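Geometric and topological summary
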Amino acid sequence: MNSVSDVAEVYHACYRRLVTQLYAFTTDLTEAQDVVQEAFARAVARPGGFAGIDNPEAWLRTVALNVVRRRWRRRKVLDLILLRDRPALTSTGPEPDRTDLTQALDAIPRSYREVIVLHYYADLSVDEISAALNVPAGTVKSRLSRGRAALAALLPGYRAEVTSA
């Protein structure tokens, strides 16, 4: 099997799941789709495709997250340089059934959002998140705890639903 067909196979198996995870992180469906597609494009351009990669989905997720971070850093610099006196542009929200969670995720710090998305949407363990983000496991645990507390404050009824289950 050649590398392009390997990538195509992984694409069909993982694309939707990766977009869902990146959407939860970015709160922008178009951006999530774009960065996942860019991650797949990088896999196709990579000599050997996924050769030597134990977990292609995790590699793609890491590439997509890095692309998002790079874009955010560039946007932040652009905003500081070009848009100092202009009001920030806001995009419209997602579908109504996810609006509250999406808005809450968007309202918490990125470092908390990142670990929450990787833990709950990507179903990664603390150790896997630690390796993916290159931070200590204790930092991941702390960010998860603080992120949950921040979400609980933003989502009415969150604690009641969690404790009553």
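The chain is annotated in an unreviewed UniProt entry as RNA polymerase sigma24 factor of Dactylosporangium sucinum. The annotation that UniProt attaches to the chain under Sequence similarities (unreviewed entry) is "Belongs to the sigma-70 factor family. ECF subfamily."

The next subject is the packing of helix α6 (residues 126-133) against helix α7 (residues 137-154). With their axes 8 Å apart at the nearest point, α6 and α7 run at an angle of 110° to one another. Relative to α7, the element α6 lies roughly perpendicular. Contacts from V126, D127, I129 and S130 of α6 reach α7 at A137, V140, K141 and L144. Tallied by class, residues from the contact of α6 with α7 come to five nonpolar, one polar and two charged.

Below, the discussion takes up the nonpolar core. L22, F40 and L60 are the most contacted members of the largest nonpolar core, which totals 43 residues. The set of elements that each furnish at least two residues to this core consists of α1 (3-26), α2 (29-45), α3 (56-82), α4 (99-107), α5 (110-121), α6 and α7. No other element matches α1, which puts ten residues into this core.

Take α6 next. Listed in full, the buried residues belonging to α6 are V126, I129, S130 and L133. The arc that holds the buried residues of α6, viewed along the axis, is 105°, so those residues lie on one side. Facing away from the buried side of α6 by over 90 degrees, the exposed positions are D127 and A131.

Under the defined criterion, the tally for this structure stands at four aromatic pairs. For the ring pair Y11 and F40, a centre distance of 4.9 Å and an interplane angle of 70° mean the geometry is edge-to-face. A residue pair is termed long-range when its members are at least 10 positions apart, and Y11 in helix α1 and F40 in helix α2 qualify at 29 residues. On the accessibility criterion, Y11 (30% relative accessible area) is partly exposed. One aromatic cluster is present, built from ring pairs that chain together Y11, Y15 and F40.

Here α5 has its buried residues at Y112, R113, E114, V115, I116, V117 and L118. At the C-terminal side of α5, D123 shows a positive phi close to 55°.

Moving on to the pattern of salt bridges. Throughout the structure, instances matching the rule amount to eight salt bridges. A salt bridge links R69 to E114; its shortest N-O distance comes to 2.1 Å. Highlighted residues: R69 in helix α3 and E114 in helix α5, separated in sequence by 45 residues. Members of the salt-bridge network, linked through shared partners, are D34, E38, R42, R70 and R71.

So, on to the environment of T102. Following the sequence through the fold, T102 ends up in helix α4. With 75 residues separating them along the chain, T102 and T27 place their C-alpha atoms 5.9 Å apart.

Scoring rules and cut-offs
Residues numbered from 1 in each chain as written. Predicted model: local features only at pLDDT ≥ 70, side-chain atom pairs only at ≥ 80, totals over all residues. Heavy atoms only, no water. UniProt positions renumbered as here; feature names shortened; annotations may be inferred. Axes fitted to C-alpha atoms, helices over the stretch in contact; angles between N-to-C directions. Helix = DSSP H or I, 4+ residues; strand = E, 2+ residues; numbered from the N terminus. Parallel < 35°, antiparallel > 145°, perpendicular 65-115°, else oblique. Contact = heavy atoms within 4.5 Å. Nonpolar A, V, L, I, M, F, W, Y, C, P; charged D, E, K, R; others polar. Core = buried A, V, L, I, M, F, W, Y, C linked by side-chain atoms within 4.5 Å. Buried < 20%, exposed > 50% of the residue type's maximum accessible area, 1.4 Å probe, protein only. Arc of directions from axis to C-beta. Phe/Tyr/Trp six-rings, centres within 6.5 Å; stacked < 30°, edge-to-face > 60°. Salt bridge = Lys/Arg side-chain N within 4 Å of Asp/Glu carboxyl O.

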